[in-house]
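Read off the chains here:
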Amino acid sequence: MSKKNTKNEKSAAGELLDSLYLDMFHLIEAHTQCRIDIERTSSDGSILLARTKFQQGGQSLSTAQIPAENSAEFNALCRVKKASDEDISIERHPVDKENGYVEPLYWFSVLPPMSLRSAVDKFKRTIDLIAESANLQRELSRVLDGINRLRQTVALQ
């Protein structure tokens, strides 16, 4: 009877391992696609920034427009936050000058060009993708740990 229980336990462990390996492959695929999307949106944003600089001329942007140590304090519109289960999320705040949330896009011009606005959107999307990638990587690590523990358990039987 104990041989039959051992065989059933090994069979159940094998099915669980198969399920974990399948989860691992899906997570690897999702993580790879996420990394590709990060590269694509970051590259698109950089190209749009270059286009803006070309359209505005090289002298239209100066370091005097960027806040320095003696400038007024301001808060970030976007923050990385750990959510439940150690997942990472992005917390975005609306522009609110009274509370110190200012839009950096308007540091350079009252009417920023469309290419600069598009670049901002691309970089915001890149930040979201980076958080998603980190969460996928963390989940993949959990699955790999589960696979290793299960393999050690099966090896001991």
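Quick caveat, the model's predicted, so the values are computed rather than measured.

Caption draft 1: Quick look at the overall build of the protein. Broken down by element type, the protein carries two helices and two strands. For the protein, the succession of helices and strands along the chain, N to C, is α-β-β-α. For a compact globule of 157 residues, the expected C-alpha radius of gyration is about 15 Å, and the protein comes in at 24 Å, more than 25% above that figure. Expressed as lengths along the three principal axes of its C-alpha atoms, the size of the protein is roughly 85 × 35 × 20 Å. Counting the 157 residues in the protein, one finds 22% classified as buried. A sequence separation of at least 24 residues applies to 74% of the contacts in the protein between residues at least 6 apart. For the protein, the accessible area works out to roughly 11,500 Å², and carbon and sulfur atoms hold 54% of it. Of the side-chain charges in the protein, 21 are positive and 22 negative, and the distance between the mean point of each set is 4 Å.

Caption draft 2: A look at the confidence of the model for the protein. In this model, the protein carries a mean pLDDT of 86, and residues with pLDDT of at least 70 account for 90%. Taken element by element, the protein is modelled with least confidence in strand E1 (residues 78-82), mean pLDDT 87, and with most confidence in helix H2 (residues 114-156), mean pLDDT 92.

Caption draft 3: The environment of Trp-107, seen in detail. Mapping Trp-107 onto the fold places it in the loop between strand E2 (88-92) and H2. On a C-alpha basis, the gap between Trp-107 and Pro-67 in space is 8.6 Å, while along the polypeptide they are 40 residues apart.

Rules of the game
- For every chain, the first residue of its written sequence is number 1, and the numbers climb from 1 along that sequence.
- Totals for whole chains, interfaces and linings use all residues, but because this is a predicted model, local features are given only for residues with pLDDT of at least 70 and pairs of side-chain atoms are given and counted only at 80 or more.
- To obtain the side-chain values, all non-hydrogen atoms of the structure were used and water was disregarded.
- Secondary structure is summarised from DSSP: a helix means a run of H or I of at least four residues, a strand means a run of E of at least two, and numbering begins at the N terminus for each.
- Only C-alpha atoms enter the radius of gyration, while the globule expectation follows 2.2 Å times N to the 0.38, with N the number of residues.
- Here's how the labels work: a residue is buried when its accessible area is under 20% of the maximum for its type, exposed when over 50%, partly exposed in between, all with a 1.4 Å probe on protein chains only.
- The contact definition used throughout considers only heavy atoms, calling two residues in contact when any of these lie within 4.5 Å.
- The Shrake-Rupley method, run with a 1.4 Å probe sphere, supplies the accessible areas, and residue values consider only the shown protein chains as cover.
- The convention is simple: Lys and Arg are positive, Asp and Glu are negative, and His and the chain ends are not counted.
- Every charge is mapped onto a representative atom, which is NZ of Lys, CZ of Arg, CG of Asp or CD of Glu.
- Each residue carries a pLDDT score, the predictor's confidence in it, ranging from 0 to 100.

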